[in-house]
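# Residue-level structure breakdown
Here's the letter readout for the chains.
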Amino acid sequence: MQFDAPPAVQAVPGSDAAPGDAHAGWRTNAVVRRNLFALTVDVTAFAIGMAFLDENAVLPLLCRRLGASGVVIGAFAAIRFLGFNGLQVAVAWFAPSLRRQKPALIAICAATRGPLLLLPFALMRATMSSGRHQALVAVVILLSLWALGDGLGYVFWMEIVARAFTDKTRGRFFAGTQILTGIVVALVAGLVVRAILHNPRLPFAANYAVLAAGAAFMYMVSLIGIAFVHEPLAPSGHLPPARPSLRMYRSRILGVVRTDQAFRRLAAAQMLISFGMAAAPFYVLYAASRYRLSDDWGAVFQAAAALGAMVLIPCWTVLAERRGAAAAIRAVAVACVATPAVGLLAGSLSVWLFCGVFFLLGGSLGWALWIATNHYLLVHAPEEDRALLIAMLSLLFVPSAIFPWLGGVIVWRLQHAAIGGIPSLLVITIAVTACGLALAGQIPHRTVAP
């Protein structure tokens, strides 16, 4: 099973498709414009929702305020990550056989995002004597449920995006939305999140309750964007593939891992590069402790991360167009290695220089790594194996869920202890992500037979 291009078909005049596009008849210009608008609303609103409770700049501060230790903060990040990635391979078993992907996606999102509307009320109880523990439990449960739903809907969403655009248009959609969301998130972080956390009329936990309400509202707006997507239908006579038996599906999964060397390298490189997640939740806590910062500095770091995504992700997209999708993965890996290195250098100089850590974080882990690896799959994977390969990449990514918890253990046990005067967690992060960079250098532009 290799990432060979699907059979070429003739493009339909007036469509967005190019020769060689298996869905040429599906994409009229009007449908492409509608989907571009709807998916841009979806992605932008989703990014703003995440900005209100940013997982690296705001959520760790909230958890610390609620009494969570470093181990709990790391374990919470691991649970969210596991919820997102753990079940996608099961979804990929039946998703391609569905004629429509959107109804299942909307049902999952509604069921797992709706409960977030309860989070502001739970946080308002944090000021009571026993309320902090209850609020922490509510944060963990509700945001873990949200992450689970995001993961369950991921295969459906990616299939819709794959069908809706050509390869070139899709890459530019990812880059364009990242520029837009980078600008919007930077403004939200700098003007809204910081103002809420710095407002003396909104003491703890009212300030975080307002942020939680904003996040829940924007996730609902994102759901509206999904509802307006016009899901492309197969040409007349084109039926979804039959759902394979579980035994056959297992054989296909084993076949991918056993025979496709490039896919194995991609999965292994992604896991090593993502070891940066071990340190990600603790940069803001490290800075707050070292420089004695108030919580509103989390918004400053968040804005720096948004700026990094806005500047760097389009650079990776241009690099992918000119040098191939594998080159973008290598560039993301370089940024991941550089992130803790900048933390070591800037951490001893200035808090403003430490913003460079979040600038690189915004353009490497998270969205950037996700775009780079999945764009590689969408460009090179055959249509009949696309959902399986996307889900398999997420499944093989699951063991990295331990990284944030491991980072919490290192911080808890060593309390930012130094190796030769350098924080140990950052040293370990540099070493492991550098191995990922070396492996990323072996990912070919196109897969070849092993």
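Since the structure is predicted, the reported quantities are computational estimates derived from the model, not experimental observations. (Residues numbered from 1 in each chain as written. Predicted model: local features only at pLDDT ≥ 70, side-chain atom pairs only at ≥ 80, totals over all residues. Heavy atoms only, no water.)

## Digging into the pattern of salt bridges
Once the charged atoms of two side chains with opposite charge are near each other, the side chains can pair. One pass over the structure, following the stated rule, counts four salt bridges. Notably, a salt bridge pairs Glu55 with Arg80, separated by 3.8 Å at the nearest N-O pair. Remark: Arg80 occurs in helix H3 (residues 70-85) and Glu55 occurs in the loop between helix H1 (29-52) and helix H2 (59-65); sequence separation between them is 25 residues. Arg80 sits in the buried class, given a relative accessible area of 9%. Close ionic contact of Asp295 with Arg65 constitutes a salt bridge, the shortest N to O distance being 3.0 Å. A residue pair is termed long-range when its members are at least 10 positions apart, and Asp295 in the loop between helix H12 (283-291) and helix H13 (297-323) and Arg65 in helix H2 qualify at 230 residues. Linked through salt bridges whose partners overlap, the residues forming this network are Arg64, Arg65 and Asp295. (Salt bridge = Lys/Arg side-chain N within 4 Å of Asp/Glu carboxyl O. Helix = DSSP H or I, 4+ residues; strand = E, 2+ residues; numbered from the N terminus. Buried < 20%, exposed > 50% of the residue type's maximum accessible area, 1.4 Å probe, protein only.)

## Quick notes on unusual backbone geometry
Residue Ala205 is reached from Phe204 by a cis peptide bond, and omega for that bond is 10°. Tracing the backbone through its elements, the reader meets Ala205 in the loop between helix H8 (167-198) and helix H9 (206-227). Residue Arg292 is not a glycine yet carries a positive backbone phi of 55°. Relative to the assigned elements, Arg292 resides in the loop between H12 and H13. For Arg292, a relative accessible area of 77% gives the class exposed.

## Focus: the confidence of the model for the protein
Mean pLDDT for the protein: 79, with 82% of residues reaching 70 or above. Per-element mean pLDDT across the protein ranges from 50 in strand S1 (residues 418-419) up to 95 in H9. Contacts of residues 1-26 to residues separated by more than four positions or lying in other chains number 70 contacts, the stretch itself having pLDDT below 50. (pLDDT = per-residue confidence, 0-100. Contact = heavy atoms within 4.5 Å.)

## Some thoughts on a nonpolar patch on the surface
Side chains of Ile179, Ile183, Leu187, Leu191 and Val192 sit close together on the surface and give an oily, nonpolar patch of about 420 Å² of accessible area. For Ile179, a relative accessible area of 36% translates into the label partly exposed. (Patch = residues over 30% accessible without salt bridge, like charges linked within 9 Å, V, L, I, M, F, W, Y side chains within 5 Å. Areas by Shrake-Rupley, 256 points an atom, 1.4 Å probe, with all protein chains shown as cover.)

## So, helix H5 (residues 102-113)
Compared with the 16 Å implied by 1.5 Å per residue over 12 residues, the 16 Å span of H5 between its first and last C-alpha is a close match. Regarding H5, the residues found buried are Lys102, Leu105, Ile108, Cys109, Thr112 and Arg113. One side of H5 carries all its buried residues, which in axial view fall inside an arc of 130°. On its buried face, H5 is in contact with H1, helix H7 (131-164) and H9. (Expected span 1.5 Å × (residues − 1). Arc of directions from axis to C-beta.)

## Describing the environment of His198
Structurally, the position occupied by His198 is in helix H8. Considered as a pair, His198 and Trp297 are 99 residues apart in the sequence and their alpha carbons are 9.0 Å apart.

## Notes on the packing of helix H11 (residues 261-273) against helix H16 (residues 367-380)
Running from N to C, H11 and H16 cross one another at 175°; their axes reach a closest spacing of 12 Å. When the interaxial angle is binned, H11 and H16 end up roughly antiparallel. Contacts between H11 and H16 involve Phe263, Leu266, Gln270 and Ile273 from the former and Leu369, Thr373, Tyr376 and Leu377 from the latter. (Axes fitted to C-alpha atoms, helices over the stretch in contact; angles between N-to-C directions. Parallel < 35°, antiparallel > 145°, perpendicular 65-115°, else oblique.)

## Some points on the side chain of Ser274
Along the chain, Ser274 turns up in the loop between H11 and H12. Not counting residues within four places of it along the chain, the set of residues in contact with Ser274 comprises Leu365, Leu369, Phe397, Ser400 and Phe403.

## Focus: the packing of aromatic side chains
Tallied over the entire structure, the rule returns 13 aromatic pairs. Between Phe301 and Phe354, the ring centres sit 6.1 Å apart and the planes meet at 65°, which makes this aromatic pair edge-to-face. With a gap of 53 residues between them, Phe301 in helix H13 and Phe354 in helix H15 (residues 351-362) connect regions that are remote in the sequence. As far as the burial class goes, Phe301 and Phe354 line up, both buried. Feature note: the residues Tyr283, Tyr286, Trp297, Phe301, Trp352, Phe354 and Phe358 constitute an aromatic cluster, connected by ring pairs. Between the NZ or CZ atom of Arg80 and the centre of the ring of Phe76, over which it lies, the distance is 4.4 Å. It is Arg290 that lies over the ring of Tyr291; its NZ or CZ is 5.9 Å from the centre. (Phe/Tyr/Trp six-rings, centres within 6.5 Å; stacked < 30°, edge-to-face > 60°. Lys NZ or Arg CZ within 6 Å of the ring centre and 35° of its normal.)

## Things to note about the nonpolar core
With 141 residues, the main nonpolar core has Leu123, Trp157, Phe301 and Phe358 as its most contacted residues. Ranked by residues supplied to this core, first place goes to H7 with 16 residues. In this structure, Phe301 is in contact with Val284, Ala287, Leu293, Val351, Phe354, Cys355 and Phe358, ignoring residues within four places of it in sequence. (Core = buried A, V, L, I, M, F, W, Y, C linked by side-chain atoms within 4.5 Å.)

## Describing the side chain of Lys102
Here Lys102 is to be found in helix H5. One buried charge, Lys102, has no salt-bridge partner; the nearest side chain with opposite charge is Glu231, at 6.4 Å. (Lys, Arg positive; Asp, Glu negative; His and termini not counted.)

## Focus: the packing of helix H14 (residues 325-346) against H16
Interhelical geometry of H14 versus H16 gives an angle of 160° and a closest axis separation of 8 Å. Our classification of the angle between H14 and H16 gives roughly antiparallel. As H14 packs across H16, the resulting crossing turns out to be left-handed. Counting all contacts with H14, which are made through Ala325, Ala326, Ala328, Ile329 and Val332, the residues of H16 involved are Ala368, Leu369, Ala372, Thr373, His375 and Tyr376. Classifying every residue of the contact of H14 with H16 by side-chain character gives nine nonpolar, two polar and no charged. (Left-handed = near helix turned anticlockwise from the far one by under 90°. Nonpolar A, V, L, I, M, F, W, Y, C, P; charged D, E, K, R; others polar.)

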